Amino acid sequence: MTGSIHKLKYFTVIFILYTLSLSGVFAQKASPVSGLVVDINSGRTLAFVNISYNDSGKGTTSNVDGVFVIDTPEEISSLKFSYIGYEPLILNLHSKRAGLIIRMHPKAYSINEIEIKPGLNPAHRIIEQVLKYREINNPEKIRSFSYTSYNKLYFTLDLTNEYTDTLKESADSIKHDTAQVQLQELIDKQHLFLMESVSKRDFIYPDKNYENVIASKVSGFQRPSFILLANQLQSFSFYNDFITILKQDYLSPISKNSVNKYLFILEDTLFTETNDSLFIITFQPKKGKNFEGLKGFMYVNSRQYGLQNVIAEAYESNGLFKIKIQQQYKFLENQQWFPVQLNTDIILSDPENKDKKTIKTESRGKDVKLIGIGKSYIQDIRLYPDLDYKKFNSVILQVDKDAHKKTEDFWNEYRNEPLNSRDSSTYHIIDSIGKDAHFDKMLFMTKTLMNGYFPVSIFNIDIGSILNYNRFEGLRLGIGAVTNERLSDKIFLGGHFAYGFGDNDFKYGLNARWVISKKLEMDLQVAYLDDVRESASYTFYQTTKGFSSDRFRKFLIEEKDQIKEWETSYGFRMLQYFRARIFISSAFASFWAPYEYIIPDTQPPQIISEGQFTQTGIRFRFAFKEKFFQSEAGRVSIGTKYPILYGNFIKGINLFNGEFNYTKFEARLTQNFMSRSLGKTSISLDAGIIKGDAPYTILYDGRGSYKSFTIETDYSFGTMRMNEFLADRFFSVFFKQNFGKLLGKSQWFQPDIVLVSNLGVGYLSHPEVHSGISFKTLDKGYYESGILVNNLLNQFFVGYGLGVFYRYGPYTLPDIIDNFAFKFTLNFKL
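Scanning the protein from terminus to terminus reveals 10 helices and 44 strands. Within the protein, the fraction of its 830 residues that count as buried is 48%. Excluding contacts between residues fewer than 6 apart, the proportion of contacts in the protein whose partners are at least 24 apart in sequence is 64%. Total accessible area computed for the protein in this model is approximately 40,800 Å², and 58% of it derives from carbon and sulfur atoms.

What follows is the structure, encoded as structure tokens:
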């Protein structure tokens with residue numbers, strides 16, 4: 001009997017254990033909780049909202065698109081939502097657990113309202129850890145990576161940030177604002193503009209980079225020549241010293257010694273489902289610190305103290321646009337934080353929003369605003385892949401020729417989600433409008449205008465040739481043109497015709513160019529010129545016709561020689577970074593009166609006022625590690641962080657009746673760089689030397705640009721008179737230090753302060769052979785310094801400012817006022 005009881009107890013225990021094990025197997029796992037978090041007024045999704053459940057402190061955050069999913073075995077009865085700039089919200093869950101729409105109420109928020117007590121700021125401990133691991137967490141510091149990105153950008157109108165309430169208004173109120181309702185219906189149906197792209201990127205540390213755009217689609221255009229990339233609107237990583245947002249550089253809040261410049265506040269701490277701490281920290285520049293900074297908040301994960309989420313915008317808006325960026329990172333393969341989504345919001349600046357120090361998530365005005373929403377989804381990420389070095393060269397961005405021909409099936413493979421009805425409607429409607437309105441032709445015309453030409457049929461009219469002025473010719477009217485690709489993409493024919501009302505003379509020129517290879521940038525050119533040219537000057541090889549402030553110096557030129565010249569030249573690119581043009585020319589020059597040249601070692605002295613010059617040589621440009629964008633339209637420079645060297649080597653010979661033998665070498669070295677504490681530094685070193693005897697037209701006049709009040713120009717001496725000096729050997733330094741806002745600013749007055757210092761020295765071997773004019777030599781050294789206050793007034797993409805230069809040293813003029821030069825500055829923000 002006792003044995004039976006023991007057996008019964010034994011089987012009872014076994015049954016209980018078996019039952020418990022079955023309950024573990026068949027127990028119903030709690031279903032995931034998911035939803036979308038939006039602003040209650042605007043309906044816009046909210047990224048990185050803090051979400052905890054059951055008062056446990058554990059939870060997650062919404063992703064960049066406002067979506068959240070909580071998948072845990074625990075039974076969830078309540079959710080708590082908290083977000084900087086919004087009222088906290090608690091939601092008790094009932095039957096519905098998926099597809100929740102969480103609407104949060106915004107509130108005014110200012111970091112300045114928080115009291116910082118004496119002692120260690122708890123946020124600093126976390127930021128110091130972020131800085132400690134910065135190099136490790138920076139994705140662009142690892143050996144190699146590759147990824148595919150799908151990018152989408154659309155523009156729409158924000159009629160009112162309370163449009164959801166507008167739709168609930170009474171019928172009488174809606175009738176009262178019919179236009180607004182119709183416009184609302186339009187933007188509910190479609191966007192104003194939509195573009196997509198797919199690209200594949202390969203990277204090898206430190207600077208081997210190649211991105212290939214395999215698909216591109218732009219509403220309204222059949223052959224779009226512009227694209228959108230993940231790192232085009234903002235920096236790919238938040239870990240660099242400077243964060244670039246729409247071509248503007250800002251000091252990163254996690255740059256070295258950032259705790260001295262930024263105010264950090266630890267707002268909240270969450271615990272992730274993997275039991276990592278998630279620190280939410282707000283940041284903005286400290287009071288009294290003047291620099292181009294950011295404001296926003298970051299989510300720091302205690303795992304390797306990496307950034308998990310970032311939201312940031314300029315602390316102070318400087319232009320037409322307000323830009324807000326969002327970045328989301330994931331810890332991949334348990335070893336590396338890597339960005340997986342980059343969002344960019346572009347909003348036309350609100351001139352009435354003067355409260356610069358408040359982080360406002362939504363504007364509450366009734367104004368119509370143009371907004372752009374850019375999203376880049378980074379996928380197929382590979383860490384440390386073995387990539388072929390041979391595929392990397394100076395072209396870091398290339399667009400496939402068939403990128404605009406991809407099918408919908410292809411696009412659907414890469415889209416993060418299918419196109420919604422607004423997206424599809426946008427393509428359908430805008431493509432129809434673009435076809436009828438010839439958007440592609442308009443784009444071609446716009447690009448041509450930006451290059452300084454106006455397209456008319458098979459010709460591009462040179463806009464810069466139509467109306468000009470200088471002090472030698474006075475008002476110069478004319479026209480110049482060159483054939484375009486509509487006639488031929490291999491042969492280009494051009495010319496110009498002009499008349500100067502000051503010298504009362506006609507001028508003209510003809511040229512022909514044969515493009516041998518667009519890929520290798522090889523071409524052959526022949527030109528004839530009957531025109532005037534500045535005496536005793538120098539120019540360097542230019543790859544484009546782009547805008548230069550040197551154009552303003554041309555207004556001041558007083559002395560020019562009459563030139564009749566033919567030239568043959570061959571242009572090419574070699575060794576990736578070296579671009580050059582070899583040439584031979586023959587010119588007959590009539591010197592400007594009353595200058596005369598005394599030929600050395602002639603008895604009796606032979607005096608001439610004109611001469612035949614035959615020259616051969618090479619003009620080149622060397623930009624080490626310069627990067628390029630390559631498309632069907634050609635190659636465009638993206639720039640380089642290294643110095644750029646320009647050089648001319650010219651030999652005067654006796655061929656074709658040339659009368660002068662000389663050797664001439666000229667060089668320019670330019671460099672621009674940014675620093676955290678000083679801003680942007682620009683320096684240019686110019687030098688030239690002539691061996692042999694040559695008249696004034698071949699020498700150097702010091703490169704002055706003085707007038708009592710004129711436009712400031714680069715690479716010139718602002719206080720030096722035109723043709724004041726003469727040299728056959730010279731060396732010049734042009735230095736600028738742009739402090740930006742570092743030296744001071746106020747709410748209403750935010751100019752860029754630029755300090756300028758220039759110096760030059762030169763020598764002239766035989767001053768006695770130059771007759772009929774007065775000049776000085778530069779052997780004692782020429783010095784000037786100045787200050788520019790740029791962007792005193794900003795209108796659209798142009799900033800206007802003022803400046804003053806002062807001349808000092810051996811060439812100081814007797815009257816103090818004559819040593820000053822007052823300047824007007826222009827800065828184009830394109």
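This next bit is on the nonpolar core. Ranked by internal contacts, the top residues of the largest apolar core, which has 40 residues, are Phe238, Phe264, Ile281, Leu294, Met298, Val300 and Leu307. Contacts of Ile281, omitting those with residues within four sequence positions, involve Ala123, Ile126, Ile127, Phe264, Ile265, Leu266, Gly296, Phe297, Met298 and Val300. Core analysis: the next-biggest nonpolar cluster, separate from the first, contains 28 residues, Ile563, Ala623, Tyr646 and Ala694 among them.

Let's shift gears to the sheet that holds strand β2 (residues 50-53). With respect to topology, four strands assemble into an open sheet ordered β3-β2-β5-β6, the strand pairing being antiparallel. The sheet is open, and its two edges are formed by β3 (59-61) and β6 (89-92), each paired on a single side. Across this sheet, the average inter-strand angle for adjacent strands is 20°, counted without regard to direction. As judged from the four bridges shared by strand β5 (residues 78-82) and β6, these two strands associate in the antiparallel manner. Its bridge partner being in β6, Lys80 is matched across the sheet by Ile90.

This part takes up the sheet that holds strand β7 (residues 100-104). Ordered by their spatial adjacency, three strands build an open sheet running β4-β1-β7, and the pairing between neighbours is mixed. Each edge of the sheet is formed by a strand with only one pairing partner; in this case those strands are β4 (67-70) and β7. On average, each strand axis in the sheet is inclined to that of its neighbour by 30°, with strand direction left out of account. Both strand β1 (residues 33-39) and β7 contribute to a ladder of five bridges, which runs parallel. Within β7, the position partnered with Leu36 by the bridge is Ile101.

With 17 residues, helix α8 (residues 421-437) extends 24 Å from end C-alpha to end C-alpha; this agrees with the ideal 24 Å at 1.5 Å per step. Its side-chain oxygen 3.1 Å from the backbone nitrogen of Arg422, Asn420 forms the N-cap of α8. Looking at the residues trailing α8, positive phi occurs at His438, about 60°.

Right, let's get into helix α2 (residues 122-132). Within the span of α2, buried status applies to Ala123, His124, Ile126, Ile127 and Val130. For α2, the arc enclosing every buried residue in end-on projection is 160°, short of the 170-degree limit, so these residues lie on one face. Buried residues belonging to α2 abut α3 (134-137), β13 (262-271), β14 (277-285) and β15 (294-301). A side-chain oxygen of the first residue of α2 lies 2.9 Å from the backbone nitrogen of Ala123; this N-cap is Asn121.

The next point concerns the pattern of salt bridges. Any two side chains of opposite charge can pair, so long as their charged atoms come close to each other. Scanning the entire structure with this criterion turns up 37 salt bridges. The salt bridge partner of Arg579 is Glu521, with a shortest N-O separation of 2.9 Å. Taken together, the residues span a long stretch of sequence, with Arg579 in strand β29 (residues 578-590) and Glu521 in the loop between β26 (505-517) and β27 (522-534) at a distance of 58 residues. For the residue pair Arg579 and Glu521, the accessibility class agrees, reading buried in each case. In this structure, Lys776 and Glu724 form a salt bridge, with 2.9 Å as the shortest nitrogen-oxygen distance.

This next bit is on the pairing of strand β35 (residues 644-653). Burial within β35 is extensive, with seven of its 10 residues counted as buried. With 10 bridges joining them, strand β32 (residues 610-623) and β35 adopt antiparallel strand pairing. By the bridge assignment, Gln615 is partnered in β35 with Gly652. Examined bridge by bridge, β35 and strand β36 (residues 662-675) share nine bridges and lie antiparallel to one another. Bridge pairing links Ile650 to Lys664 in β36.

Here the amide bond leading from Tyr205 into Pro206 is cis, since omega sits at 5°, within 30 degrees of zero. Tracing the backbone through its elements, the reader meets Pro206 in the loop between β9 (193-204) and β10 (208-218). Residue Ala593 is joined to Pro594 through a cis peptide bond whose omega torsion reads 5°. Looking at the secondary structure, you find Pro594 in the loop between β29 and β30 (596-599). Backbone geometry places Phe656, a non-glycine residue, at a positive phi of 55°.

Scanning the model with the defined rule gives 54 aromatic pairs in all. Judged by centre distance (6.1 Å) and plane angle (55°), the rings of Phe297 and Tyr299 are tilted. Here Tyr299 falls in the buried class, since its relative accessible area comes to 1%. Three or more aromatic residues joined by ring pairs form one cluster here, namely Phe591, Trp592, Tyr595, Tyr597, Phe613, Phe660 and Tyr696. Residue placement shows Arg635 over the ring face of Phe628; its charged tip is 5.2 Å from the ring centre. Positioned over the ring face of Tyr538 is Arg703, at 5.2 Å from the centre of the ring.

The pLDDT averaged across the protein works out to 87; a share of 88% of its residues lies at or above 70. Taken element by element, the protein is modelled with least confidence in helix α4 (residues 163-166), mean pLDDT 39, and with most confidence in strand β25 (residues 491-500), mean pLDDT 98. Low pLDDT, under 50, characterises residues 161-176; the predicted model gives this stretch 22 contacts beyond four residues in sequence or across chains.

Looking now at the environment of Tyr427. Among the structural elements, Tyr427 can be located in helix α8. Taking the relative accessible area as the measure of exposure, Tyr427 reaches 5% and is therefore buried. Along the chain, Tyr427 and Lys217 lie 210 residues apart, while their C-alpha atoms are 9.4 Å from each other. In this structure, Tyr427 is in contact with Leu194, Met195, Glu196, Lys217, Val218, Ser219 and Leu419, ignoring residues within four places of it in sequence. Among the polar contacts made by the side chain of Tyr427, one reaches the side chain of Glu196 at a distance of 2.7 Å.

The rules behind the values
- Residues numbered from 1 in each chain as written.
- Predicted model: local features only at pLDDT ≥ 70, side-chain atom pairs only at ≥ 80, totals over all residues.
- Heavy atoms only, no water.
- Helix = DSSP H or I, 4+ residues; strand = E, 2+ residues; numbered from the N terminus.
- Buried < 20%, exposed > 50% of the residue type's maximum accessible area, 1.4 Å probe, protein only.
- Contact = heavy atoms within 4.5 Å.
- Areas by Shrake-Rupley, 256 points an atom, 1.4 Å probe, with all protein chains shown as cover.
- Core = buried A, V, L, I, M, F, W, Y, C linked by side-chain atoms within 4.5 Å.
- Pairing = 2+ DSSP bridges.
- Axes fitted to C-alpha atoms, helices over the stretch in contact; angles between N-to-C directions.
- Expected span 1.5 Å × (residues − 1).
- Polar contact = N/O pair within 3.5 Å; in protein donor to acceptor, adjacent residues only side chain to side chain.
- Arc of directions from axis to C-beta.
- Salt bridge = Lys/Arg side-chain N within 4 Å of Asp/Glu carboxyl O.
- Phe/Tyr/Trp six-rings, centres within 6.5 Å; stacked < 30°, edge-to-face > 60°.
- Lys NZ or Arg CZ within 6 Å of the ring centre and 35° of its normal.
- pLDDT = per-residue confidence, 0-100.

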